[in-house]
Protein chains: 2
Amino acid sequence: MAQQPDTVTRILDTAEVLFAERGFAETSLRNITSKAKVNLAAVNYHFGSKKALIQAVFARYLDPFTVRFHAALDELEADHAGGVIPLEELLETMARSVLEVPAERNSLKVFMRLLGLAYSQAQGHLRRYIQEEYGGVFTRFTELVRLATPELPDAERFWRLHFMLGTVIFTLSGLDALRDIAEKDYGEHVSVRDLVRRLRPVVVAAMNAPLPEPAPAQRQAG
Amino acid sequence: MAQQPDTVTRILDTAEVLFAERGFAETSLRNITSKAKVNLAAVNYHFGSKKALIQAVFARYLDPFTVRFHAALDELEADHAGGVIPLEELLETMARSVLEVPAERNSLKVFMRLLGLAYSQAQGHLRRYIQEEYGGVFTRFTELVRLATPELPDAERFWRLHFMLGTVIFTLSGLDALRDIAEKDYGEHVSVRDLVRRLRPVVVAAMNAPLPEPAPAQRQAG
DNA sequence: GGGACTTTCAAACAATTGTTTCCAATGACG
DNA sequence: CGTCATTGGAAACAATTGTTTGAAAGTCCC
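Small disclaimer: the values here were computed from a predicted structure and weren't measured.

Visitor: Lay out the pattern of salt bridges in plain terms, naming residues and giving numbers.
Guide: As enumerated under the stated definition, the model contains 22 salt bridges over all chains in all. In this structure, the salt-bridge partner of Glu100 of chain A is Arg68 of chain A, at a minimum N-O distance of 3.2 Å. Of this pair, Glu100 of chain A sits in helix H5 (residues 87–103) while Arg68 of chain A sits in helix H4 (residues 50–79), and the two are 32 residues apart along the sequence. Overall, Arg68 of chain A belongs to the partly exposed group, its relative accessible area being 32%. Residues Glu92 of chain B and Arg200 of chain B are paired through a salt bridge, measuring 2.3 Å at the closest nitrogen-oxygen approach. Here Glu92 of chain B is found in helix H5 (residues 87–103), whereas its partner Arg200 of chain B is found in helix H10 (residues 192–207), with 108 residues between them in sequence. Residue Arg200 of chain B is classed as partly exposed on the basis of its relative accessible area, which comes to 33%. Salt bridges sharing common partners tie together Asp13, Glu16 and Arg60 of chain A.

Put into structure tokens, the structure is as follows:
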């Protein structure tokens, strides 16, 4: 037989694509195993359960990502020895780290779609797993963002970061559908890199937006 | 018994909550009917199928929304007779329309979560249904936005609108989880209205962000 | 009050799900 | 060569899914 990837890899490769296309609950193990041309029992044999398979799919992206991102942040901190790292550079570094990992397998779309699913699908175990396993690097990043934007109240920065997270995940995870519309309406084919290029000024402007007017006193009219 | 809502309403009320909490595929008809205290067959009897039930849940929000939104846009156009409506007012009007509908049932969170699911879950039939049934009002809105932002290339405006759509849907549909974190870290309880207040300057700044640097020539610069 | 409906109900349906079982094939090692 | 643990595979498992059935109960109008 040809040098076919081993069973575990074939399962992961197939599972991530199907999960990204249809979600977790809508993808049965039989869908995966038949398309991957492995035996049905192989999933439970190698991974233990469907939940564990889902986590393994994420780990294959997030493990290298956290390594790279930590390294990139190390480098950035060294460059600005002790000083504050500008917001643009932080965002740039994150974008680069996110893009690098799946680039090897031409699967950024899949990666983003999976991230979107992790947020939107029920799968409580997944959110818990990701938070426990990969929360650290995100904490480090937000701390650096805090130093870069001292004028922002903590709560405001927290929300704006999540606003932007929403922008990126929503856009890139719904990319196929949006791309179809865009292509039809504007005849323009958009690559992921095009989108990142478009995202940059928007995200920076959003983070630097003026502060909202203070909340009106709870009961009393403003 | 007391003046309990009729079967159809009880099913819809229960279904929307469960769908919002767990997604469509993860919510079985038995979950719904048992919690709603109606017979299992009632769903298929009144709605025909689970798909039709899902669509009915959306219709109950989107029908009144489109009516209100169209009316609000009519009013806005009348105020600016023939002239251009400023972007801020357009966004403001949309926000107000979105907030008004579920306010009657205190269920904005559910509404937003459902919108998020409509984008992220497989459910191709849902996207098609929403597009066909409610695409018109969105088209009208984007056309007004086009007039308000003549300096933006069409494609750029298209993407920025979707960026902001992502921000709003992602934030408000993941509100519970985010709220927990925010409350724990900043001791601050956020209401939906707080969030809208915070969103306003961010969205405006994002739409008015400087244009991205032109794409590096792909084959031939346009 | 009786006939024509609509609505409710318990039960069963066929299909699909994740998981487990048991046996054959494989390969390493003494 | 023979032994034994490991891995692969077809089939069966129990549980759950959406849907349908057919009869009972309720409702309305003439």
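Visitor: Just give me the short version of the relation of the copies chain B and chain A, but keep the residues and values in it.
Guide: The two copies are related by a screw operation: chain B maps onto chain A through 180 degrees of rotation and 0.1 Å of translation along the axis, at an RMSD of 0.2 Å. These values place the two chain copies in the arrangement generated by a two-fold rotation axis.

Visitor: Can you explain the domain arrangement of chain A? Please cite residues and give values.
Guide: All names here are of chain A. Segmenting chain A into domains produces domain 1 (1–48) and domain 2 (61–208). Every contact between the two is made by 9 residues of domain 1 and, on the other side, 10 residues of domain 2. The junction of domain 1 with domain 2 conceals about 720 Å² of combined surface from both sides, 60% of it contributed by carbon and sulfur atoms. Among the residues of domain 1 in contact with domain 2, Glu16, Ala20 and Phe24 are the three that bury the most area, contributing 75% of the side total. In this structure, the connection of domain 1 to domain 2 is made through 0 salt bridges. The interface formed by domain 1 and domain 2 includes 2 residue pairs in polar contact (both at pLDDT 80 or more). Looking at side-chain class alone, the side of domain 1 that touches domain 2 contains 4 nonpolar, 1 polar and 4 charged residues.

Visitor: Explain the interface of chain B and chain A to me, and be specific about the residues and the numbers.
Guide: Think of interface size as the accessible area that goes away when the parts come together; that is how it is often given. Each side of the interface is counted separately: chain B has 51 residues, and chain A has 50 residues. The junction of chain B with chain A conceals about 4300 Å² of combined surface from both sides, 71% of it contributed by carbon and sulfur atoms. Counting the surface chain B buries against chain A, the share from its top three residues, Trp159, Phe163 and Phe170 of chain B, is 18%. Across the contact surface, chain B and chain A share 2 salt bridges. Here chain B is connected to chain A by 7 residue pairs in polar contact (both at pLDDT 80 or more). Listed by contribution, the elements that provide at least two residues to the side of chain B that touches chain A are helix H6 (108–120), helix H8 (154–173), helix H9 (175–186) and H10 of chain B. The element contributing the most residues to the side of chain B that touches chain A is H8 of chain B, with 15 residues. For the side of chain B that touches chain A, the class distribution of residues is 31 nonpolar, 7 polar and 13 charged.

Visitor: Explain the protein's contact with DNA strand C to me, and be specific about the residues and the numbers.
Guide: Around DNA strand C, the structure places 15 residues, and the nearest of them are Leu29, Arg30 and Lys50 of chain A together with Thr7 and His46 of chain B. Here a phosphate oxygen of DNA strand C and a side-chain polar atom of Tyr45 of chain B are 3.0 Å apart. Contacts to DNA strand C include His46 of chain B, whose side-chain N or O atom sits 2.7 Å from a phosphate oxygen. The set of elements that each furnish at least two residues to the surface near DNA strand C consists of helix H2 (29–36) and helix H3 (40–46) of chain A together with helix H3 (41–46) of chain B. Tallied by class, the residues present in the surface near DNA strand C amount to 5 nonpolar, 7 polar and 3 charged.

Visitor: Can you explain the packing of helix H1 (residues 7–22) of chain A against helix H6 (residues 108–120) of chain A? Please cite residues and give values.
Guide: The axes of two packed helices give the description: the angle between them and the distance between them. All names here are of chain A. The contact between H1 and H6 brings their axes to 9 Å, and the two run at 55 degrees. Our classification of the angle between H1 and H6 gives oblique. The interaxial crossing formed by H1 with H6 has left-handed handedness. Listed contacts from H6 to Glu16, Phe19, Ala20 and Glu21 of H1 are Val110, Arg113, Leu114 and Leu117. Looking at the contact of H1 with H6 residue by residue, the class counts come to 5 nonpolar, no polar and 3 charged.

Visitor: Just give me the short version of the UniProt feature "DNA-binding region" (unreviewed entry) in chain A, but keep the residues and values in it.
Guide: This chain's UniProt record puts "DNA-binding region" (unreviewed entry) on residues 28–47 of chain A. Split by type, residues 28–47 of chain A is 75% helix and 0% strand. Its first and last C-alpha atoms lie 15 Å apart.

Rules used in this analysis
- Residues numbered from 1 in each chain as written.
- Chains lettered and ligands numbered in written order.
- Predicted model: local features only at pLDDT ≥ 70, side-chain atom pairs only at ≥ 80, totals over all residues.
- Heavy atoms only, no water.
- Salt bridge = Lys/Arg side-chain N within 4 Å of Asp/Glu carboxyl O.
- Helix = DSSP H or I, 4+ residues; strand = E, 2+ residues; numbered from the N terminus.
- Buried < 20%, exposed > 50% of the residue type's maximum accessible area, 1.4 Å probe, protein only.
- Least-squares fit on C-alpha atoms with pLDDT ≥ 70 in both.
- Domains from an automatic or database assignment.
- Contact = heavy atoms within 4.5 Å.
- Buried area = accessible area lost by both parts, 1.4 Å probe.
- Polar contact = N/O pair within 3.5 Å; in protein donor to acceptor, adjacent residues only side chain to side chain.
- Nonpolar A, V, L, I, M, F, W, Y, C, P; charged D, E, K, R; others polar.
- Near = heavy atom within 4 Å.
- Axes fitted to C-alpha atoms, helices over the stretch in contact; angles between N-to-C directions.
- Parallel < 35°, antiparallel > 145°, perpendicular 65-115°, else oblique.
- Left-handed = near helix turned anticlockwise from the far one by under 90°.
- UniProt positions renumbered as here; feature names shortened; annotations may be inferred.

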